[in-house]
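# Descriptive analysis of the structure
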Amino acid sequence: MKKIIKYVFADILRNKIVLGYTIFLLLISMSVFNLEDNSSKGLLSLLNIILIIVPLVSIIFSTIYIYNSAEFIELLVSQPLKRKHIWGSLFTGLAGSLSLSFLVGAGLPVMIYTPMDIGLVMTGMGLLLTVIFVAIAMFAAVITRDKAKGIGISIFLWLYFSLLFDGLVLFILFQFEDYPLEKFMVVASALNPIDLGRILILLKMDISALMGYTGAVFRDFFGTQSGFIIAIGILLSWIITTFWLSLRKFNRKDL
Amino acid sequence: MICCTSFGRTLFVGKGRQYTSINSAIAAAVNGDSIRVDNGIYREKNILINKTITLVGNNYPVLDGEHKYEIISIKADGVTVKGFRLIHSGVSSMEDIAGIKIYNRHDVNISGNILEDTFFGIYSQAGVNCLIENNKLTAIGTTEQQSGNGIHCWKCDSMRIIGNTVTGHRDGIYFEFVTNSVIWRNISFRNKRYGLHFMFSHNDAYICNIFQNNGAGVSVMFTHGVKMFNNVFEENWGDAAYGIFLKEISDSYIAGNKFLRNTSGIYMEGTSRILVEKNEFSSNGWGMKIQASCLDNTITHNNFLSNTFDVGTNGSLVMNSFDHNYWDKYEGYDLNKDNTGDIPYRPVSLYSMIVEKNPASMMLFRSFMTSLLDKSEKILPTLTPENLKDNYPIMKPLHL
């Protein structure tokens, strides 16, 4: 298993796209912090980039990578190796290398330019989002044999999590505005890792005062030590469940 | 006998002086006398001034209220209190114990004192034409209940509050039923509730004050004829904090102020005929929140810079004018180069309307979805109030 991880890791790190992604993130975060006069504004601009670009790159790159290594996977399957290990090492290699490039590209500047606790939360969320979307990509890739269809599914999933879901929430909030929606909001945020990540980061920043009453509801729940741990738990369970689903599919798949 | 009434004697208080306590010197004084107090610590319970005298401290003698007493009570006209350090007044929830309290008197002058750990600082009850100048007030009360107001004026007229520094109190400066007065060059910061709390106080002016980091900012209510010039409202940041909160204000003038880093720069409710001009709104959450109950206000020649939302409102009825401002979010063009944009600017974003209608949608704050909505609304306005727009937005920031 270690050998496969090592191989996947090295293969991806040699990939020009991942290198480009790292440099792109590095350039954007450096220029954002240098252009804005205070670091909290820079952080806000970066927040949007992280919440859109990171999931997009993670999901698309991983899907394409899985399809491109179809022959490699077939070769591995013909060896005396457990499918669980093959799939697990592919996941670890992908998640690890993309996390590494996020850490270098965005995590480093964030840690340098911003206060410790916000920087840590932001980097942590970026890493979690990377891993979650790698897991989602692997799920999308295992569903269908057709490469075009698989990439389509991943793009749709990305669109759903970053845009459609929010539209849906907005729709529900207005349809049921006569009802108390506090609990619904907390649950809804748990159903979308991007929303949850954004709210957790915002709660750490001064700007959360703007969120008024709604912010207070979230702060009540996620602001405490235990709430924060619950939120991290939710994000981790996103990784575990999606990966487990894709693994189950892969185990039974006729390659 | 004649000379005494016209010039007044000077009585000295201190160790080895004629009088060792201030109270005994006051008892011996007649109207027009001066009392000079040497440096030292004086524990005299309550000092009652009932004669027109000048009480001056040499190098800040300490008057200690021992956490029990009102330190100085002024019950005579024309009294001057200068250069003392007053500490530890009593605290009471039944009566308003102050460091220095003026009881229904006129022409009192309180200047250059330091007040520390007093319940109310300087309290003027029905004072007329009094001067409160260059005092430093610091309270250490931990809750709103345990601390009184810094400079508290009730039913006064023609007051001058100049150059004071107030911090740690409940309200920095409190005005209720005070008319024709001026608040000038004061600094009020880190007070528990409001930096300035102002009610039923007509025809007052406050000029060149700094209100910083107060629990809820500044609140001006139920008043007409207020002039606010060149003040700085800064870092009043919190769920219920405003740079300045205006409620039921009419015929007033707000000019040359700076609103920096507040949750809402100005929050207006039920105001009418106010002219807001030449102010700077910078890095606020909401530059201005103007409720639909506001009428005939004119907002002109202001700079709106890097606010999260420039203007927020809660209804579609807009009877205020927003022309000739500079908005940094303006994306229009100026073909004839007259420094006025050719297409109107709509300072209310769709998302801020949505939030006003349904606060729960703050959940989507800063999401991709909302910025997309805002962009499409900018191109084709449907939900934002039709009349809330700047018809003549200025292209370059004004030099204020």
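Cut-off values and rules
Residues numbered from 1 in each chain as written. Chains lettered and ligands numbered in written order. Predicted model: local features only at pLDDT ≥ 70, side-chain atom pairs only at ≥ 80, totals over all residues. Helix = DSSP H or I, 4+ residues; strand = E, 2+ residues; numbered from the N terminus. Buried ≥ 20, exposed ≤ 12 C-beta atoms within 10 Å, placed from the backbone. Contact = placed C-beta atoms within 7 Å. Rg over C-alpha atoms; globule rule 2.2 N^0.38 Å. Nonpolar A, V, L, I, M, F, W, Y, C, P; charged D, E, K, R; others polar. Core = buried A, V, L, I, M, F, W, Y, C linked by C-beta atoms within 7 Å. Expected span 1.5 Å × (residues − 1). Bend = angle between axes of the 7 residues up to and from the residue. Pairing = 2+ DSSP bridges. Axes fitted to C-alpha atoms, helices over the stretch in contact; angles between N-to-C directions. Parallel < 35°, antiparallel > 145°, perpendicular 65-115°, else oblique. Left-handed = near helix turned anticlockwise from the far one by under 90°. pLDDT = per-residue confidence, 0-100.

## Remarks on the overall build of chain B
For chain B, the helix and strand inventory stands at four helices and 38 strands. When the 400 residues of chain B are sorted by exposure, 46% land in the buried category. Of the contacts formed within chain B by residues at least 6 apart in sequence, a portion of 46% connects residues at least 24 apart.

## Describing the overall build of chain A
Across its full length, chain A carries 11 helices and zero strands. When the helices and strands of chain A are listed from N to C terminus, the series reads α-α-α-α-α-α-α-α-α-α-α. Computed over C-alpha atoms, the radius of gyration of chain A comes to 19 Å, within 12% of the 18 Å expected from 2.2 N^0.38 for 255 residues, which places it in the range of a compact globule. Taken along the three principal axes of its C-alpha coordinates, chain A extends 60 × 45 × 30 Å. Relative to its full complement of 255 residues, chain A shows a buried share of 42%. Contacts in chain A between residues far apart in sequence, at least 24 positions, make up 78% of those at least 6 positions apart.

## Focus: the interface of chain B and chain A
Counting residues at the interface gives 18 residues for chain B, matched by 27 residues for chain A. In terms of residue class, the side of chain B that touches chain A is made up of nine nonpolar, seven polar and two charged.

## Some thoughts on unusual backbone geometry
Residues and elements named next belong to chain B. Even without being a glycine, Asp296 presents a positive backbone phi close to 55 degrees. At His301, a residue that is not glycine, the phi angle is positive and equals roughly 55 degrees. Examined against the element boundaries, His301 turns out to sit in the loop between strand S34 (295-300) and strand S35 (303-305).

## Section: the nonpolar core
One finds Val134 and Met138 of chain A together with Ile35 of chain B to be the most contacted residues of the largest nonpolar core, which totals 175 residues. It is helix H6 (residues 116-143) of chain A that contributes the most residues to this core, 18 residues altogether. Discounting residues that sit within four places of it in the chain, Ile35 of chain B has contacts with Leu11, Val13, Ile22, Ala25, Ile26, Ala29, Ile53 and Leu55 of chain B.

## Looking at helix H3 (residues 39-68) of chain A
Taking 1.5 Å per residue as the helical rise, H3 of chain A with its 30 residues ought to reach 44 Å, and the 40 Å between its terminal C-alpha atoms agrees with that figure. Considering bend angle alone, the principal kink of H3 of chain A is centred on Ile50 of chain A and spans about 30 degrees.

## Focus on the pairing of strand S2 (residues 34-37) of chain B
Every regular strand shows the same layout, with side chains that alternate between the two sheet faces. Residue and element names in this part refer to chain B. A one-sided burial pattern is seen for S2, the buried positions being Ile35 and Val37 and the unburied ones Ser34 and Arg36. As paired elements, strand S1 (residues 10-13) and S2 share four bridges and run parallel to each other. Bridged to Phe12 within S2 is Arg36. Here S2 pairs with strand S5 (residues 54-57) via four bridges, running parallel. Across the sheet, the residue bridging to Ser34 is Thr54, located in S5.

## Digging into the environment of Lys2 of chain A
Turning to its location among the elements, Lys2 of chain A is positioned in helix H1 (residues 2-14). Considering only alpha carbons, one finds Lys2 of chain A and Thr92 of chain A, 90 residues apart in sequence, at a separation of 10.0 Å.

## Regarding the packing of H3 of chain A against H6 of chain A
Two packed helices can be described by the angle between their axes and the distance between those axes. Residues and elements named next belong to chain A. At a closest axis distance of 8 Å, the pairing of H3 and H6 adopts a crossing angle of 25 degrees. Between H3 and H6, the angle falls in the class roughly parallel. As H3 runs across H6, the sense of the crossing is right-handed. Together, Leu43, Ile50, Val54, Pro55, Ser58, Ile59, Ser62, Thr63, Ile66 and Tyr67 of H3 and Ile118, Met122, Gly126, Leu129, Thr130, Phe133, Val134, Ile136, Ala137, Met138, Ala140 and Ala141 of H6 make up the contact between the two elements. Here the residues of the contact of H3 with H6 sort into 17 nonpolar, five polar and no charged.

## Looking at the environment of Ile173 of chain B
Residue and element names in this part refer to chain B. Within the fold, Ile173 resides in strand S19 (residues 173-176). Separated by 23 residues in sequence, Ile173 and Gly150 have C-alpha atoms that sit 5.7 Å apart. Residues contacting Ile173, with those up to four places away along its chain left out, are Gly150, Ile151, Ile161, Val166, Ile183, Asn186, Ser188 and Leu196.

## What about helix H5 (residues 83-113) of chain A?
In this model H5 of chain A runs 43 Å from its N-terminal to its C-terminal C-alpha over 31 residues, within 8% of the 45 Å that 1.5 Å per residue would give. Taken as a whole, H5 of chain A carries its principal kink of about 40 degrees at Leu103 of chain A.

## A short note on the environment of Val217 of chain A
Residue and element names in this part refer to chain A. Along the polypeptide, Val217 turns up in helix H10 (residues 212-222). Note: C-alpha distance between Val217 and Pro80 (137 residues apart in sequence) is 53 Å. Residues contacting Val217, with those up to four places away along its chain left out, are Glu182 and Met185.

## Some details on the confidence of the model for chain B
Residue and element names in this part refer to chain B. Per-residue confidence for chain B gives a mean pLDDT of 91, with 98% of residues at or over 70. Of the regions scoring below 50 in pLDDT, residues 1-6 engages in three contacts with residues more than four places distant in sequence or in other chains. In the predicted assembly, ipTM is 0.81 and pTM is 0.82.

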